Amino acid sequence: MKSPNELDHDSTRITLIAPLSGVLLPLEQVPDPVFAQKMVGDGISIDPLDQCLRAPCDGQIAQLHPAGHAVTVTTPQGIEVLMHIGLDTVGLKGSGFTPKVRTGDAVRTGDALIDFDADFIATHAKSLLTQIVITNSEQVEIFAAHSGVVAAGQDVILELALAYAQAEDAPETIKTATSEAILIPNPTGLHARPAAVLANLAKKFKAEIRIQKGEQAVNAKSVVAIMGLEIGQGDKVILIAKGDDAEAAIATLTPLLWEGLGDEGCKPAPAPASFEVSAAAAPAPRPRSEDPNLLLGVAASPGLAVGEVFQVRHVEIQVTETATGDPQQERERLDHAIDEARIHLEALQAQLHSQRAADKAAIFAAHQELLDDPDLLDIAHSALAKGKSAEFAWQRAFSTHAERLASLRNELLAARANDLRDVGRRVLTLLTGAAPERPEPPVNAILIAEELTPSDTASLNRDRVRGFCTTLGGATSHVAILARSLDIPAVAGIEARALELTNGTPVILDGGKGTLRLNPSAGEIARIRQTQERLAERRQAEMLVAHEPAITQDGHRMEVAGNIGGLAEAEQVSGLGGEGVGLLRSEFLFMERSTAPNEDEQFESYKAIAAVLGPERPLIIRTLDVGGDKPLVYLPIPREDNPFLGERGLRIGLDRPEILRTQLRAILRASAFGKVRVMFPMVGLLSELRDAKAILEEERQRLGVGPIETGIMVEIPAAAIMAAQFAREVDFFSVGTNDLTQYTLAMDRGHPKLAPKVDGLNPAVLRLISWTVEAAHAQGKWVGVCGGIASDPQAVPLLIGLGVDELSVSLPTIPSIKAQIRGLRRHECQALARRALTLENGADIRALCPDPFATIA
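A quick note: this is a predicted structure, and the numbers were derived from the prediction, not measured.

Calculation criteria
- Residues numbered from 1 in each chain as written.
- Predicted model: local features only at pLDDT ≥ 70, side-chain atom pairs only at ≥ 80, totals over all residues.
- Heavy atoms only, no water.
- Helix = DSSP H or I, 4+ residues; strand = E, 2+ residues; numbered from the N terminus.
- Buried < 20%, exposed > 50% of the residue type's maximum accessible area, 1.4 Å probe, protein only.
- Areas by Shrake-Rupley, 256 points an atom, 1.4 Å probe, with all protein chains shown as cover.
- Arc of directions from axis to C-beta.
- Contact = heavy atoms within 4.5 Å.
- Core = buried A, V, L, I, M, F, W, Y, C linked by side-chain atoms within 4.5 Å.
- Pairing = 2+ DSSP bridges.
- Axes fitted to C-alpha atoms, helices over the stretch in contact; angles between N-to-C directions.
- Patch = residues over 30% accessible without salt bridge, like charges linked within 9 Å, V, L, I, M, F, W, Y side chains within 5 Å.
- Salt bridge = Lys/Arg side-chain N within 4 Å of Asp/Glu carboxyl O.
- Parallel < 35°, antiparallel > 145°, perpendicular 65-115°, else oblique.
- Left-handed = near helix turned anticlockwise from the far one by under 90°.
- Nonpolar A, V, L, I, M, F, W, Y, C, P; charged D, E, K, R; others polar.
- Phe/Tyr/Trp six-rings, centres within 6.5 Å; stacked < 30°, edge-to-face > 60°.
- Lys NZ or Arg CZ within 6 Å of the ring centre and 35° of its normal.
- Disulfide = S-S within 2.5 Å.
- pLDDT = per-residue confidence, 0-100.

Within the protein chain, the secondary structure is distributed over 26 helices and 36 strands. Within the protein chain, the proportion of its 857 residues that are buried is 54%. When the accessible area of the protein chain is evaluated, it comes to approximately 36200 Å², of which 51% is carbon and sulfur surface.

Okay, structure coming up:
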């Protein structure tokens, strides 16, 4: 860079005025190699003393980054001036920045561009140093930088002498090359740093190189152009090069894009030859139990199993990268394998239907949808066009998508990565013709695996397998859901040292407690098996009286209903002694499909369930409860940092009223065929409830039907604290203790480390339930509990003592909960509840209320 007096005064010149007040620094002193090595372009840096970025020249806003931390002004001569406030500020995601302009605006020197909070940025980012860089520096012959302290809008910081372009003869023939489809792995997309790396690398080639996202393609040698595409994590792009070295450019840049261009915090795309991560590669976590013979995890499926360890390993399927046939032949091979996989999945669905798990069969319907996923197929087909084998192309496609899902912070979405790997392996096995060896487990096997797939779980031989543990996954995974529906005890998130156990090690698995006991003595095993026999006898006795009411010994009657997820479970309610349905999860109609169910489809489902229950048993239908943590493909929700605190439950319905109105119309129509009630989920504000009730009343009047009872889920602490106000607006409350507990304790119930502390018997949670009951009863309203603790024998006497009127429990527990209630006295339960509210934690309360059906001492 030259000094100002070296400028050729006959050249076209541009003078840039200070956009900030502060101290000028050479770009080489910026503690960031991308700027210091001038990968973005040449320029200067300012250590700012004020908090408003101003235009350094006349021009037009060419690009404003979505995070608000960077803006580009294009001068009338076509020079692109990028101003980047701070270092690593893209990660702030807009916090601390207030843009004053929009892309396309004309600006004059000194106009305000971006206001920023210097204190916030200084404490949340690497540095406040602000870079002023010419991104198309090849058009500048001389850079003359000033130094010292400058005042915004007054002092000169850079003088530029422009270069004159030299016309080149066009070549007679132009070579063209394109890349395969590339998924961007960068956590914050192609912001300034990775965009600069790409542009800098692209400039090393003579070929014209463009990067394409959707229908838009821009110059890959221009940082501003790349950022203007707003390429985010997971976006699909293609590189297109034209020129003598086009093929070399594509070959060089493609793998670098797959790997994230060296961006910090970027997880590279998986290596082509393998999609498995070796357990040995990860550092060994510290044990969570001080007892060497007790391993802890997350309760995934209740039940007790005694058996011997049998380790399950997924054998890696090796693939060849280069195709032996032409692309069309490889595509036909892939299409044939996908068709075969679809037939296999249909067979699994039929198997689950025969096991009375029809609603869980939808998991494999969703797997069929994955086989037709357009993004998945686009990536595979793109690789096939480049001469890759069908095996390699398919493996690259599904493993890349699975890694993206697995890296998400949300446990529910991350669990779906296992579904994608399951589908991927199924097709890959069919393509290679070499199914991984899976030895038949011995009798009384307790399977131990890093992870099992839904297919593995649905295909377990129940004559041999007593239960299973996985080191990955959680209580919300499809594997856990299947295990519960098939009555297989299971623990997820078990300590990794479980993988080191030798086959044949005797163990006791408690799926309800999330534990695996190693090397029990012969006496312990004998006692457990005797207990299992007694439990079986007790269940038979409970079934004989399941239809009798649940009345305490001092004459207090409790209503015991069931939680269900579809018609198949509704058909079991009366046979188990259920007095109605306290929670119908209506999501079963909305999940695992590509379009929302229409009014008639919903009406027919609700009507059928109401008819099965009959005119006397109530049916409480919870309106759609989805959100960023439980997304629907046809209901896009913007990505949220914390979906549990974002758009969920009723908030989604109010934001998309057409979906809520359709569902409410269907519920109102079904009310003519049974004792139907409606319940709104995730209500935290009175205004939300009133808006929902207004929609319900509008649709009721349009249909000309009678009113139905309306209630809310008490899942947010605010609803419990303001229960007196809510009680004036509703007919009943139903406490969802699962969410209420995690919101009260600020702990994710699916977190493998925190899950043991997320206890619905925590005195803070019980206090909220007590407040809710007191406020409801004061206004003549009833309260139910439909969360997990309603099915917990240790919680039942406490809930009765707190005054809860109804328990809505998992179907298999209806007979045992009713039997337990018959052995209790209400006044003793009330004394127990008063004592529990004075204790300090859930563990103390559980010690106060021993499990009457404890299976392990």
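Once that is clear, we can look at helix α25 (residues 826-836). When α25 is considered as a whole, its buried residues turn out to be C829, A833 and A836. Relative to the axis of α25, the buried residues are bounded by an arc of 60 degrees and lie together on one face. Elements in contact with the buried residues of α25: α22 (763-778), α23 (796-802) and α26 (842-848).

What follows covers the nonpolar core. A general tendency of soluble globular proteins is for nonpolar side chains to be buried together. Y606, L619, F733, L766, I769, L807 and I821 are the most contacted members of the largest nonpolar core, which totals 84 residues. Within the second largest apolar cluster, 69 residues are counted, among which are L27, V40, A195 and L376.

An order of β20-β27-β26-β22-β23-β24-β25-β21 is seen for the eight strands of this open sheet, with the pairing classed as mixed. If you trace the sheet from one side to the other, it starts and ends with β20 (294-296) and β21 (298-301), each paired once. Strand-to-strand twist across the sheet, computed as the mean angle between neighbouring axes with direction ignored, equals 30 degrees. Pairing of strand β23 (residues 445-449) with strand β24 (residues 465-470), which is carried by five bridges, proceeds in the parallel orientation. Residue pairing across strands places I446 opposite G467, the latter belonging to β24.

Right, let's get into the environment of D510. As for its position among the elements, D510 is in strand β26 (residues 506-510). A sequence separation of 204 residues divides D510 from V306, and the C-alpha atoms of the two residues are 8.9 Å apart.

The next point concerns the side chain of E729. Summarising the element assignment, E729 is placed in the loop between α20 (723-727) and β34 (732-735). Contact partners of E729, with chain neighbours within four places excluded, come to L686, L689, R690 and K693.

Among the surface-exposed residues, V23, L49 and V149 lie close enough to one another that they form a single nonpolar patch of about 300 Å² accessible area. Here L49 lies in the loop between β3 (42-48) and β4 (52-54). For L49, a relative accessible area of 64% translates into the label exposed.

On to the pairing of strand β29 (residues 557-564). Burial within β29 is extensive, with six of its eight residues counted as buried. Between the end of strand β28 (residues 550-551) and the start of β29, which pair antiparallel, lie five residues, with G555 showing a positive phi angle near 90 degrees. The pairing of β29 with strand β36 (residues 806-810) spans five bridges and is classified as parallel. Bridge assignment links A561 to a residue of β36, and that residue is S808. Pairing geometry for β29 and strand β30 (residues 581-585), over three bridges, is parallel. Of the residues in β30, the one forming a bridge with N563 is L583.

What follows deals with the pattern of salt bridges. In total, this model carries 33 salt bridges according to the counting rule given. The partner of R648 in a salt bridge is D739, and the shortest N-O contact between them spans 3.6 Å. Separated by 91 residues along the polypeptide, R648 in the loop between β31 (618-622) and α16 (650-655) and D739 in helix α21 (residues 737-745) bring together distant segments of the chain. For R648, a relative accessible area of 2% corresponds to the buried category.

To continue, consider the packing of helix α17 (residues 657-670) against helix α18 (residues 686-703). Where α17 contacts α18, the axes come no closer than 9 Å and their chain directions differ by 50 degrees. Classified by the angle their axes make, α17 and α18 are oblique. Remark: the crossing between α17 and α18 carries right-handed chirality. Taken together, the residues of α18 that come into contact with α17 (itself represented by P657, L660, R661, L664, R665, L668 and R669) are A692, I695, L696, E698, E699, R700, R702 and L703. By residue class, the composition of the contact of α17 with α18 is eight nonpolar, no polar and seven charged.

Before going further, it helps to spend a moment on the sheet that holds β3. Strand order in the open sheet made by the eight strands is β9-β5-β6-β7-β11-β3-β2-β13, with antiparallel pairing throughout. Edge positions in the sheet fall to β9 (106-107) and β13 (149-150), since each of these pairs with one other strand and no more. As paired strands, β3 and strand β11 (residues 127-134) are joined by five bridges and run antiparallel to one another. By the bridge assignment for β11, I46 is matched with T130.

Before going further, it helps to spend a moment on the packing of aromatic side chains. Any aromatic ring pair is given by two values, namely how distant the centres are and how the planes are angled relative to each other. Going through the model one piece at a time under the given rule, you end up with three aromatic pairs. Here W394 and F398 contribute two aromatic rings whose centre-to-centre distance is 6.2 Å and whose plane-to-plane angle is 50 degrees, an arrangement assigned as tilted. Separated by four residues within a single helix, W394 and F398 lie in helix α9 (residues 390-406), roughly one turn from each other. For the residue pair W394 and F398, the accessibility class agrees, reading buried in each case. The ring of W258 carries R396 above its face, with NZ or CZ at 4.1 Å from the centroid. Sitting over the ring of F603, R669 keeps its end group 4.1 Å from the ring centre.

Attention shifts here to unusual backbone geometry. With the exception of glycine, the majority of residues adopt a negative phi angle, and the majority of peptide bonds are in the trans configuration. Phi is positive for N444, close to 65 degrees, though the residue is something other than glycine. Non-glycine residue M682 carries a positive phi angle of around 55 degrees. With respect to the helices, strands and loops of the structure, M682 is situated in the loop between β32 (675-680) and α18.

Where α21 meets α22, the axes come as close as 9 Å, and the angle between the chain directions of the two elements is 120 degrees. Relative to α22, α21 is oriented oblique. The crossing of α21 and α22 is right-handed. Where α21 approaches α22, its residues T737, L740, T741 and T744 are matched on the opposing element by A764, V765, L768 and I769. Taken together, the residues of the contact of α21 with α22 break down into five nonpolar, three polar and no charged.

Here A62 lies in strand β5 (residues 59-64). Taking relative accessible area as the criterion, A62 reaches 34% and is therefore assigned partly exposed. For the pair formed by A62 and G228, sequence separation is 166 residues and the distance between their alpha carbons is 8.1 Å.

Okay, the state of the cysteines next. Taken as a whole, this structure holds zero disulfides when the rule is applied. Here C829 stays free of any disulfide, with the sulfur of C849 as its closest cysteine sulfur at 9.1 Å. Using a relative accessible area of 3% as the deciding quantity, one classes C829 as buried.

Attention now moves to the confidence of the model for the protein chain. On average, the protein chain scores 83 in pLDDT, and the residues at 70 or more come to 83%. At the low end of the mean pLDDT range in the protein chain sits helix α7 (residues 362-371), at 60; at the high end sits β34, at 98. A low-confidence stretch, residues 165-171 stays under pLDDT 50, and its non-local contacts, those more than four residues away or across chains, total zero contacts. Ignoring residues within four places in sequence, the model shows residues 268-287, a span with pLDDT below 50, making 31 contacts including any to other chains.

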